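Results of the structural survey
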Amino acid sequence: MRVPAPKAAGDLAPKSIGAGEKTGTSPDTDEVGTAGSETNQTNTSRADNANIEPAFEEKLATGAERGLDPTPESIRQGSVRMEAHPEYAKLTAELESKGYSLRLTDRERPHVVVKEVVTPTGELIRIEKVLVANPGMRFLDLEHELGHVAQLEQTKRPLVTDQVLENGKPYSGPNGSDRLTTAQDAVLEYHNRLVEYFRLKERGVAREILDKHRDGVRTQRQLYWKKGMSSGRSPSATTFVHDNVSDLPDLDRRFIDEEGL
Amino acid sequence: MKPARSHELSVGVWPVQRDHSGAGASLYNGIYTVTLNGTVQLDVIPQVDRSPPWPPVLPDNVDLCTTPDEARRITLLLARYAITPASQDSVEIVDDVTIFDINGATFAQLSTELEVIAGVMTGVHDSVDFSELQARAPVFERFLRERFLVSDRILPPDLAMLGR
């Protein structure tokens, strides 16, 4: 393994994010384990798995996490469907006050859009802000997306997720605001999952919910470190964390202390 | 955590050069990050220089990348799954990166398809539905269906996000 991976919280302290490790280590979780029998991590080649599952498209039609009917417990945990949560109206009103509209659809995954509409020369025409959610999804998943809203509203420099022309085609010129990169997205998602995990833990949600979110943090941690931080070899990524999600190293350290790698 | 999508697989195709600015952006020309269901990423990387040292080592500062070869090696090392052109179809494991080698002619077709799709992407979260690929990117659709999505190299958390 030639790419350094974070082994412990200390590796993610602000001063060490950029430094990284200079020697090879193995991944910090056992995610190298696969669904199949292949476990060899050396530089080897093998033939592809020739088994084709003809019905795999059906397996892709997985159900999103639907919210439960309202009960005192489902409301307390946030597993209730979002529309039935007592805070739903208040939160959506707050969202609107920040300039966001709420788009309810089953056609898209929940996410947040900050779209900059510009002229062909990159001059700003308007900003469109949307929180996309699935009808009937859990309130706690709405809270996750609201976490992204908070992130995008607090960046040191204005950051948009999309840049388009009036005709809807992408704008990829040099002008306009900073556009979210793949690396920044990996960092923000990891930060949001950490914040969410501790929120749910302190709330005392059901074990299976917490376990799933803990696994989600661990999975995203790998993507954060490689894609987001370039395995500690990107000073610009370190600066992005420092400027925008400066509590991330502390949250990461707390996660490792409480949950382990 | 983001719930899995309820209908079908979403496929984002993002040209990595758009993550970079100035003269450095062109170093990443032809490299695409494909994101499935908003979470599972595989990087499509043109011909990677495999001369020693191989496996390559990340430079101390990836921000100072100066050549296309270096950009491709960096992208490969930071990937979880990658697609590269090769003399024949195979799967190669380099460190913790699973590389799907596909023959050069197929890779060229696939890259052309991805270039078209990437041309309409407005941001890193933008995507098309998997069902659209059959008409718009048949070579890539077939790769996903016959090689990637059924591979036993897909990690369990990624399998879950793919609905498998």
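It should be noted that the structure appears before, not after, this text.
Residue positions are given per chain, counted from 1 along the sequence in the order it is written. Working convention: letters from A go to chains and numbers from 1 go to ligands, in the order in which they are written. Confidence filtering applies because this is a predicted model: local features only for residues at pLDDT of at least 70, side-chain atom pairs given and counted only at 80 or more, and all residues used for totals across whole chains, interfaces and linings. In computing side-chain properties, one takes all heavy atoms of the structure into account and sets aside hydrogens as well as water.

Strands here are runs of E lasting at least two residues and helices are runs of H or I lasting at least four, both read from the DSSP assignment and numbered beginning at the N terminus. What chain A contains, in helices and strands, is nine helices and seven strands. A simple rule labels every residue: compare its accessible area, found with a 1.4 Å probe on the protein chains alone, to the largest value its type can have, and call it buried under 20%, exposed over 50%, or partly exposed in between. Here chain A, with 261 residues, has 50% of them falling under the buried criterion. Using a 1.4 Å probe, accessible areas were evaluated by the Shrake-Rupley method; residue-level cover was limited to the displayed protein chains. For chain A, the accessible area works out to roughly 11,700 Å², and carbon and sulfur atoms hold 52% of it.

This part is about the pattern of salt bridges. Residue and element names in this part refer to chain A. Whenever a carboxyl oxygen of Asp or Glu lies within 4 Å of a side-chain nitrogen of Lys or Arg, that contact is scored as a salt bridge. Inspection of the entire model under this criterion finds 35 salt bridges over all chains. Here Lys212 and Glu65 are joined by a salt bridge, their closest N and O atoms 2.4 Å apart. You can see Lys212 sitting in helix H7 (residues 207–228) and its partner Glu65 sitting in the loop between helix H2 (56–60) and helix H3 (72–77), a full 147 residues away along the chain. Take Lys212: its relative accessible area is 43%, and that puts it in the partly exposed class. With its nearest N and O atoms 2.8 Å apart, the salt bridge here joins Arg193 to Glu189. Here the residue Arg193 and the residue Glu189 both occupy positions in helix H6 (residues 182–203), the gap between them amounting to four residues, near one helical turn. Of the two residues examined, Arg193 and Glu189, each falls in the buried class. Within the structure, one salt-bridge network assembled from shared partners comprises Lys201, Glu202, Arg254, Glu258 and Glu259.

Structurally, Thr161(A) is set in the loop between strand S5 (159–160) and strand S6 (162–165). The class for Thr161(A) is buried, based on a relative accessible area of 1%. Two N or O atoms count as a polar contact when they lie within 3.5 Å, although within protein this holds only if one can serve as hydrogen donor and the other as acceptor, and sequence-adjacent residues are included solely when both atoms are side-chain atoms. One polar contact links Thr161(A) to Asp162(A), side chain to side chain, over a distance of 2.6 Å. Excluding residues within four positions of it along the chain, Thr161(A) makes contact with Val112(A), Val113(A), Val114(A), Lys115(A), Leu152(A), Arg179(A), Leu180(A), Thr122(B), Gly123(B) and Val124(B). In what follows, a contact means two residues having at least one pair of non-hydrogen atoms within 4.5 Å.

All names here are of chain B. Burial analysis of strand S2 (residues 32–36) places five of its five residues in the buried class, the great majority of the element. Residues Tyr32, Val34 and Leu36 point to one face of S2 and Thr33 and Thr35 to the other, with burial holding for every one of them. We call two strands paired when DSSP finds no fewer than two bridges between them. Note: strand S1 (residues 10–15) against S2, five bridges, orientation antiparallel. The residue bridging Gly12 from the neighbouring strand is Thr35, located in S2. Taken together, S2 and the strand that follows it, strand S3 (residues 40–44), pair antiparallel across an intervening segment of three residues, in which Asn37 is found at a positive phi of about 50 degrees.

Two pairing modes exist for strands in a sheet, parallel and antiparallel, and in both the strands are linked by backbone hydrogen bonds. Residues and elements named next belong to chain A. Taken in spatial order, the four strands of this open sheet run S2-S4-S3-S6, and their pairing is mixed. The open sheet has two edge strands, strand S2 (100–104) and S6, and neither has a second partner. For this sheet the average axis-to-axis angle between neighbouring strands, irrespective of direction, equals 30 degrees. Note that S2 and strand S4 (residues 124–133) share five bridges and pair parallel. Within the sheet, the bridge partner assigned to Tyr100 lies in S4 and is Lys129. Note on geometry: axes are C-alpha line fits, over the in-contact stretch for helices, and angles between N-to-C directions span 0 to 180 degrees. Contacting S2 and S4, helix H4 (residues 88–97) crosses the sheet at an angle of about 130 degrees to S2. Docked against the sheet, helix H5 (residues 139–153) engages S2, strand S3 (111–118) and S4, running at close to 35 degrees with respect to S3.

Nonpolar side chains tend to gather and get buried jointly when the protein is soluble and globular. Note on terminology: a nonpolar core comprises buried Ala, Val, Leu, Ile, Met, Phe, Trp, Tyr and Cys residues joined through side-chain atoms within 4.5 Å. Leu36(B), Phe140(B), Phe143(B) and Phe148(B) are the most contacted members of the largest nonpolar core, which totals 79 residues. Ranked by the residues each element gives to this core, the list is headed by H6(A), at seven residues. Sequence-distant contacts of Leu36(B), defined by excluding residues within four places in its chain, comprise Leu9(B), Ser10(B), Val11(B), Leu42(B), Leu144(B), Phe148(B), Leu149(B) and Leu162(B). In terms of nonpolar packing, the next biggest core, distinct from the first, is built from 19 residues, Val62(B), Ala82(B), Val94(B) and Val97(B) among them.

To continue, consider the packing of H7(A) against helix H9 (residues 248–259) of chain A. Any two packed helices are characterised by how steeply their axes cross, that is the angle between the axes, and by the distance between the axes. Residue and element names in this part refer to chain A. The interhelical angle for the contact between H7 and H9, taken along N-to-C directions, is 130 degrees, at an axis separation of 12 Å. When the interaxial angle is binned, H7 and H9 end up oblique. As for how H7 packs across H9, the hand of that crossing is left-handed. On H9, the residues that touch Arg214, Val217, Arg218, Arg221 and Tyr224 of H7 are Leu248, Asp252, Phe255, Ile256 and Glu259. Gly is placed with the polar residues, together with every amino acid not listed as nonpolar (Ala, Val, Leu, Ile, Met, Phe, Trp, Tyr, Cys and Pro) or charged (Asp, Glu, Lys and Arg). For the contact of H7 with H9, the class distribution of residues is five nonpolar, no polar and five charged. Oblique is the label for any angle not covered by the other classes, which are roughly parallel (under 35 degrees), roughly antiparallel (over 145) and roughly perpendicular (65 to 115). Should the near helix be turned counterclockwise from the far one by less than a right angle, the crossing is left-handed, whereas a clockwise turn marks it as right-handed.

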